[in-house]
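Descriptive structure summary
Okay, here's what each chain looks like letter by letter:
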Amino acid sequence: MHSENVPAAGGAPIRLVRRRTDSDLGACVQVLADVHEQDGYPVNWPDRPDAWLSQPALLAAWVAELDGRIVGHIGLSRSEAGDVAPGLWGGREGASRASAGVVSRLFVASAARGHGIGALLMAQAMRDARERDLHPVLDVVASDASAVALYERLGWELLGTVEQQWSLEQTVVVHCYAAPG
């Protein structure tokens, strides 16, 4: 199990990224509820947020802690039917959808932002994807400006922007990204 512990410097909070356990799900759902209230992510609150965090295609998930409290989450999954980025990346690179690892369910508590938690979580998911010989990709709702800014700051490449029909009443614009290199 790989974890990244970033030591405190001059009284700075201690940041830790570690593999998520089943016992972490309650805290993750609480953080997700905060993020949903503050930022509207996820766009549609799931009936069972714990199951949403543990989707069937999930390969691995991690949590971030700040001074011992869970403040963030990220997952890595196999490509599923609704994921647009794997198809765009595979078509462009001449690779199959199966060679893409989908980074998903990334969120950081509003009170923990500004500590590099999102970047630490992204680095862990990218490292794990590459260890599995997968190329990291993701889909993000275009209106999620802070997530888009993070991905672009980390050098992710925009593959395209598409409209997705999530239901009869809901169409969303989604940006598709691939990790650098």
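Everything here concerns the structure above.
This report concerns the structure included in the present document. This structure is a prediction, so every number in the text was calculated from the model and none was measured.

Right, let's get into the overall build of the chain. Secondary structure assignment for the chain yields five helices and eight strands. Counting from the amino terminus, helix and strand elements in the chain follow one another as β-β-α-α-β-β-α-β-α-β-α-β-β. For 181 residues, the compact-globule formula gives about 16 Å, and the C-alpha radius of gyration of the chain, at 16 Å, lands near that figure. Its C-alpha atoms give the chain principal-axis dimensions of about 45 × 35 × 30 Å.

What follows deals with helix α5 (residues 145-153). Turning to α5, its buried residues number three or more, namely A147, V148, L150 and Y151. Looking down the long axis of α5, one finds its buried residues gathered within 160° of arc, a one-sided arrangement. Turned more than 90 degrees off the buried face of α5, the exposed positions are A145, S146 and R153. Buried-residue contacts for α5 involve β5 (100-108), α4 (117-131), β6 (135-141) and β8 (170-178).

With that settled, the discussion passes to the side chain of Q124. Within the secondary structure, Q124 sits in helix α4. For Q124, a relative accessible area of 3% gives the class buried. A distance of 3.1 Å separates polar atoms of two side chains, one belonging to Q124 and the other to R127.

For the rest of this paragraph, the subject is the pairing of β5. Counting buried positions along β5 gives nine out of nine residues, so the element sits mostly inside the fold. Both strand β4 (residues 69-78) and β5 contribute to a ladder of six bridges, which runs antiparallel. Bridging across to β5, H73 finds its partner in F107. Two elements, β5 and β6, share three bridges in a ladder whose sense is parallel. Residue pairing in the sheet places V102 in a bridge with V137 of β6.

It is worth spelling out the pattern of salt bridges at this point. Counted under the stated rule, the structure contains seven salt bridges. In this structure, E65 and R18 form a salt bridge, with 2.8 Å as the shortest nitrogen-oxygen distance. Of this pair, E65 sits in strand β3 (residues 58-66) while R18 sits in strand β2 (residues 15-19), and the two are 47 residues apart along the sequence. Judged on exposure class, the residue E65 and its partner R18 are both buried. E157 serves as the salt-bridge partner of R92, at 2.2 Å between the closest nitrogen and oxygen. With R92 in helix α3 (residues 85-93) and E157 in strand β7 (residues 157-167), this pair connects stretches of sequence that are 65 residues apart.

Conventions adopted
Per-chain numbering applies: the sequence of each chain, read as written, is numbered from 1 onward. Owing to the predicted nature of the model, reporting of local features is limited to residues with pLDDT of at least 70; listing and counting of side-chain atom pairs is limited to 80 or more, with chain, interface and lining totals taken over all residues. Note that the side-chain values use all heavy atoms of the structure and ignore hydrogens as well as water. Under the scheme used here, helices are H or I runs from DSSP no shorter than 4 residues and strands are E runs no shorter than 2 residues, and both carry numbers assigned from the N terminus. All radius of gyration figures rest on C-alpha atoms, and the globule criterion is 2.2 Å times the number of residues raised to 0.38. Working definition: with a 1.4 Å probe on protein chains only, accessible area under 20% of the residue-type maximum means buried, over 50% means exposed, and in between means partly exposed. Picture the helix axis, draw a direction to every C-beta atom, and the arc is the one those directions span. We call two residues contacting when some pair of their heavy atoms lies within 4.5 Å. Contacts described as polar in this section are N or O atom pairs within 3.5 Å, which, within protein, must combine one atom able to donate a hydrogen with one able to accept it, while residues neighboring in sequence count only if both atoms come from side chains. When DSSP finds at least two bridges between two strands, those strands are taken to pair. A side-chain nitrogen of Lys or Arg and a carboxyl oxygen of Asp or Glu constitute a salt bridge if their distance falls within 4 Å.

So far we have only geometry, and geometry alone does not tell us how the molecule works.
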